[in-house]
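This is what each chain is made of:
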2 protein chains.
Amino acid sequence: MNPGERRPTIKDVAAAAGISPTTVSQALNGKGVVRKETVELVQRVAKEIGYQPSALARGLRSSSIRLLGLVIRPLDSLDTFLPPGVDFFMRLTGAASVAALEHGYSLMLIADPSRPDTPLSALATDAYIVFEPIENDPVLDLLVRGQIPFITLGEDPARPGQFPAFNASGAWQTDDILSHFEELGARRVAMVSGTDLNAWNHESRTAYLSWCEARGQQPLLVSRSETEGEDVGESILAELMDSSAFEQPDAIYCMTGRHASGVVEAARIRGIRVPDELLVAGGSGTTQNETSSPSITAFDMQPEIHGQLAVEAVVALLEGRLTTRRLSAPRPKLVVRDSTRRTR
Amino acid sequence: MNPGERRPTIKDVAAAAGISPTTVSQALNGKGVVRKETVELVQRVAKEIGYQPSALARGLRSSSIRLLGLVIRPLDSLDTFLPPGVDFFMRLTGAASVAALEHGYSLMLIADPSRPDTPLSALATDAYIVFEPIENDPVLDLLVRGQIPFITLGEDPARPGQFPAFNASGAWQTDDILSHFEELGARRVAMVSGTDLNAWNHESRTAYLSWCEARGQQPLLVSRSETEGEDVGESILAELMDSSAFEQPDAIYCMTGRHASGVVEAARIRGIRVPDELLVAGGSGTTQNETSSPSITAFDMQPEIHGQLAVEAVVALLEGRLTTRRLSAPRPKLVVRDSTRRTR
DNA sequence: GTACTTACCCAAATCGATTTGTGCAAATCG
DNA sequence: CGATTTGCACAAATCGATTTGGGTAAGTAC
């Protein structure tokens, strides 16, 4: 059971059973033609000496250990993987892990694999899922070079149509929230976007600008880094409300849920009543938005569904079943809450 | 660049450079004695033909691809990896992933690796972290058999001291919450525990029972499965409040944060005032508990710290630096909120 | 009795890297 | 000038499995 602390190999089994490694392999995998008694003998001996096949050796031949990598680009630009109050990424990761398991893969979360100190395992994957790549993303370059298949959630804004990708939902969301604001009688809508150069931000801004243009309205677009949290609320209000250069907004769409929370809180402190004087909504909703008071209208981005779809797509890609590069993600649902619900 | 769609190997580089694979390997890794010009030649050629060493082949020799596995047992007993409103596991996973990356490993989340359909990669890990193993956990048996090193967070209740483990914090928490209730004048405290057979539940119940005994109080202990959410609140109250067989509690400690939320909501519906008539606190706090109204007293389990410590311990184990089997986790902090704050 | 199956088992090649030990030429030493 | 060292490169072994292509003996056919 314990010959020098070394893990028993197929050779050890063969020696113990008095037969060749070939037959052991075939017996254990039911491949060749092996006598029933031999199979039983091998199984018994294998169990006795505690044999476990090496996944690496096996993987070397089959060139697959059924491992998927997930890169969440916004997390790389943050300085932490754990932005407080943001559960989107975790839910995505969890859902993707489960979906992967259901397809016989496991999934690991990787920080930028193009970094030089990236662990060996990051390159032993069968395929990658890249969430919201940035413009000309070096991660995609690495994967192309290493001939590792991948799909993206949201396209590389500089390389549309080049790789299999799910559409971002920024345009949809922007359209929906602007209509919602309009229905409530908002006349002047501001947008607060993030600073990452990804498809979601890009799409949303474009949709907003063309909406403004269609209405002959002057755009009121400010940016705050995704790394910053609720505490930029006041700074956003200051920029939007305190200038005499333009008409003040009566509705604000913050793409980041935490920014929305910050704005609502800052408004409360300033004595601006939400929703009566100012409508506020978030793009990517957080748990906070649901339970804060007032609760904040935001989109349910359905990270679980995205995680699952992404895994299914990448598995299809691996199995040669993926026929299109344009994959479609479900349209996020606007969840109306107190911050855009007229009290009378 | 593209000889038949096959990934270039070290042999291809050698052939292209007109030298032997040995020298290529040594040149790229700076190992043997290789002329400077040869090194440069090799590097140039390797880049030209897009050579990326195979992590699997390398791993086969070094028997490590620097990959860690994380098994969260409570998730296996749930029927989903994504219990709504529970962010503890996700935060733990995220923190562990980051910590792993900092040590040059990557980390994957695995469902029970003792299942027969477990992906190959689950057995290609260098080591495992097992969170809250159950009694005589088969996962631990598998790891022992496969000679895969591991640590646990919370001991296997049936095998204390046998494997390197962080202590569970159930006893600490129970002590703290009971003292807190006592200070507030509670005279009759009930406990609602989960049903998983892990150290945390075990410890907490034991601590509660001995506290009751020390005070000559009859224990008031009920259980609800961790899989059930807020909706069991009423059923818990029914069991605790509607019996004439014992004195009704004036404080309830729900080990699961969602159960605490459910109890508070059910109390509101019944017209029982929290905290004035009934104190409620949660063991493992969720985001909901922070933002609900009334907000709910609960422990901050500090999953980030646990995730990080676990990774550091397992890395130490791999490097032979782990000298003890009794690892200590930080004591969770009780966060007092509305549900146990006397209004007068 | 020779030819042909059938049933079983195995030696060797293979996957793609690293490592060990050897060989050879030029440089240095005594 | 012969002996030894040094610098450089490489053939072969190795990691632990799977797969290919035999090979042998017993059984069957005619």
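Refer to the preceding data block for the structure.
Rules and cut-offs
Residues numbered from 1 in each chain as written. Chains lettered and ligands numbered in written order. Predicted model: local features only at pLDDT ≥ 70, side-chain atom pairs only at ≥ 80, totals over all residues. Near = placed C-beta within 6 Å. Helix = DSSP H or I, 4+ residues; strand = E, 2+ residues; numbered from the N terminus. Nonpolar A, V, L, I, M, F, W, Y, C, P; charged D, E, K, R; others polar. Contact = placed C-beta atoms within 7 Å. Pairing = 2+ DSSP bridges. Axes fitted to C-alpha atoms, helices over the stretch in contact; angles between N-to-C directions. Least-squares fit on C-alpha atoms with pLDDT ≥ 70 in both. Parallel < 35°, antiparallel > 145°, perpendicular 65-115°, else oblique. Left-handed = near helix turned anticlockwise from the far one by under 90°. Expected span 1.5 Å × (residues − 1). Buried ≥ 20, exposed ≤ 12 C-beta atoms within 10 Å, placed from the backbone. Arc of directions from axis to C-beta. Core = buried A, V, L, I, M, F, W, Y, C linked by C-beta atoms within 7 Å. Right-handed = clockwise from strand over helix to strand, strands pointing away.

Chemist: Which parts of the structure should I look at to understand the protein's contact with DNA strand C?
Modeler: Near DNA strand C you find 26 residues, and of these Ile19 and Thr22 of chain A together with Thr9, Ser25 and Ala57 of chain B are the closest. Residue assignment for the surface near DNA strand C shows that the elements contributing at least two residues are α2 (21–29) and α4 (55–62) of chain A together with α2 (21–29) and α4 (55–62) of chain B. Broken down by element, the surface near DNA strand C gets its largest block of residues, five residues, from α2 of chain B. Grouping the constituent residues of the surface near DNA strand C by class yields nine nonpolar, twelve polar and five charged.

Chemist: It is not clear to me how the interface of chain A and chain B should be interpreted in this structure. Could you clarify?
Modeler: Many analyses report the size of an interface as the accessible area lost when the parts associate. Counting residues at the interface gives 47 residues for chain A, matched by 48 residues for chain B. Listing elements by their share of the side of chain A that touches chain B, those giving two or more residues are α4, α6 (88–102), β2 (106–110) and α12 (287–291) of chain A. Examining the composition of the side of chain A that touches chain B, we find that eight residues originate from one element, α6 of chain A, more than from any other.

Chemist: What am I meant to see in the sheet that holds strand β12 (residues 333–335) of chain A here?
Modeler: By definition, the strands of a sheet pair up through backbone hydrogen bonds, in either a parallel or an antiparallel sense. All names here are of chain A. Spatial ordering of the open sheet is given by β7-β6-β8-β9-β10-β12, a layout of six strands whose pairing is mixed. The outermost strands of the open sheet, each flanked by one partner alone, are β7 (221–223) and β12. Mean inter-strand twist for the sheet, computed between neighbouring axes without regard to direction, equals 20°. The sheet contact formed by strand β10 (residues 297–300) and β12 spans three bridges and is antiparallel. Across the sheet, Ala298 pairs through a bridge with Val335, a residue of β12.

Chemist: Before we go on, may I ask you to explain the protein's contact with DNA strand D in this structure?
Modeler: Inspection of the region around DNA strand D gives 26 residues, with Thr9, Ser25 and Ala57 of chain A together with Ile19 and Ser20 of chain B positioned closest. Broken down by secondary-structure element, the contributors of at least two residues to the surface near DNA strand D are α2 and α4 of chain A together with α2 and α4 of chain B. Ranked by residue count, the leading element in the surface near DNA strand D is α2 of chain A, at five residues. The class makeup of the residues in the surface near DNA strand D is nine nonpolar, twelve polar and five charged.

Chemist: Looking at this structure, how should I read the relation of the copies chain A and chain B?
Modeler: Between the two chain copies there is a screw-like relation: a rotation about an axis and a shift along it. Screw-axis analysis of chain A against chain B gives a translation of 0.1 Å along the axis, an RMSD of 0.2 Å, and a rotation angle of 180°. Within this description, the copies of the chain are treated as partners about a two-fold rotation axis. When C-alpha positions in chain A are compared against the rotation axis, the closest is assigned to Met108 of chain A, at 2.2 Å. Looking at the interface residues of chain A, 100% of them are also at the interface in chain B, so both copies use one shared face.

Chemist: Explain the sheet that holds strand β8 (residues 251–256) of chain B to me, please; I cannot follow it from the model alone.
Modeler: All names here are of chain B. Read from one edge of the open sheet, six strands run β7-β6-β8-β9-β10-β12, paired in mixed fashion. The outermost strands of the open sheet, each flanked by one partner alone, are β7 (221–223) and β12 (333–335). Ignoring which end each strand starts from, the neighbouring axes of this sheet average 20° apart. Across four bridges, the pairing between strand β6 (residues 189–193) and β8 is parallel. Residue Val192 lies in a different strand from β8, and its bridge partner there is Cys254. In the packing of helix α10 (residues 233–241) onto the sheet, contacts are made with β6, β7 and β8, and the angle to β7 comes to roughly 150°.

Chemist: What am I meant to see in the packing of α4 of chain A against α4 of chain B here?
Modeler: Contact geometry of α4 of chain A with α4 of chain B gives a least axis separation of 9 Å together with a crossing angle of 150°. The angle between the axes of α4 of chain A and α4 of chain B places the two elements in the roughly antiparallel class. Between α4 of chain A and α4 of chain B the crossing geometry is left-handed. In contact with Leu56, Ala57, Gly59 and Leu60 of chain A of α4 of chain A, α4 of chain B contributes Leu56, Ala57, Gly59 and Leu60 of chain B. In terms of residue class, the contact of α4 of chain A with α4 of chain B is made up of six nonpolar, two polar and no charged.

Chemist: Any chance you could explain unusual backbone geometry here in plain terms?
Modeler: Apart from glycine, the bulk of residues carry a negative phi angle, and the bulk of peptide bonds sit in the trans form. Cis geometry is adopted by the peptide bond preceding Pro275 of chain A, which originates at Val274 of chain A and carries an omega value of 10°. Mapped onto the elements of the fold, Pro275 of chain A is located in the loop between α11 (257–270) and β9 (279–284). With omega at 5°, the peptide bond leading from Ser293 of chain B into Pro294 of chain B counts as cis. Mapped onto the fold, Pro294 of chain B is located in the loop between α12 (287–291) and β10 (297–300).

Chemist: What am I meant to see in helix α8 (residues 170–183) of chain B here?
Modeler: Because the α-helix completes a turn every 3.6 residues, residues three or four places apart line up on one side. All names here are of chain B. With 14 residues, α8 should cover 20 Å at 1.5 Å per step; its first-to-last C-alpha distance of 20 Å lies within 8% of that length. When we look at burial in α8, the residues that qualify are Gly170, Gln173, Thr174, Ile177, Leu178 and Phe181. Summarising the axial view, the buried residues of α8 lie within an arc of 125°, below the 170-degree limit, and thus occupy one face. Structural note: α8 exposes Ser179 and Glu183 on the side pointing more than 90 degrees away from its buried face. Buried residues along α8 sit against β6, α9 (199–214), β8, β9 (279–284), β10 and β12.

Chemist: Would you mind showing me how to read the nonpolar core here?
Modeler: Among soluble globular proteins, nonpolar side chains are generally buried collectively. If you look at the biggest cluster of nonpolar residues, it comprises 131 residues, and the most contacted ones within it are Ile129 of chain A together with Ile129 of chain B. With ten residues, the single largest contributor to this core is helix α6 (residues 88–102) of chain B. Not counting residues up to four positions away in its chain, the partners in contact with Ile129 of chain B are Leu68, Leu70, Ala96, Phe150, Ile151, Leu153, Ala310 and Val314 of chain B. In this structure, Ile236, Ala251, Ala260 and Ala298 of chain A belong to the second largest nonpolar core, which totals 30 residues.

Chemist: Would you explain the environment of Ile269 of chain B in this entry?
Modeler: All names here are of chain B. Note on placement: Ile269 falls in helix α11 (residues 257–270). You can call Ile269 exposed: it has 10 C-beta atoms within 10 Å. Separated by 35 residues in sequence, Ile269 and Glu234 place their C-alpha atoms 9.0 Å apart.

Chemist: Honestly, the packing of α2 of chain A against helix α3 (residues 36–48) of chain A in this entry has me stumped. Any pointers?
Modeler: When two helices pack together, their arrangement is captured by the angle between the axes and the distance separating the axes. Residues and elements named next belong to chain A. Where α2 meets α3, the axes come as close as 9 Å, and the angle between the chain directions of the two elements is 95°. By the angle class used here, α2 and α3 are roughly perpendicular. Contact with α2, carried on its side by Thr23, Val24, Ala27 and Leu28, involves Thr38, Val39, Val42 and Ala46 of α3 and no other residues of that element.

Chemist: Just to check I follow, could you spell out the pairing of β6 of chain B for this structure?
Modeler: Note on strand geometry: in a regular strand, side chains alternate between the two faces of the sheet. Residue and element names in this part refer to chain B. Most of β6 sits out of view: five of its five residues are buried. In β6, alternate side chains face the same way, and those of Val189, Met191 and Ser193 on one face and Ala190 and Val192 on the other are all buried. Two strands pair when backbone bridges link them, and β6 and β7 are joined in this way by three bridges, in the parallel orientation. Its bridge partner lying in β7, Val192 is registered against Val222. In terms of handedness, the path from β6 via α9 over to β7 forms a crossover that is right-handed.

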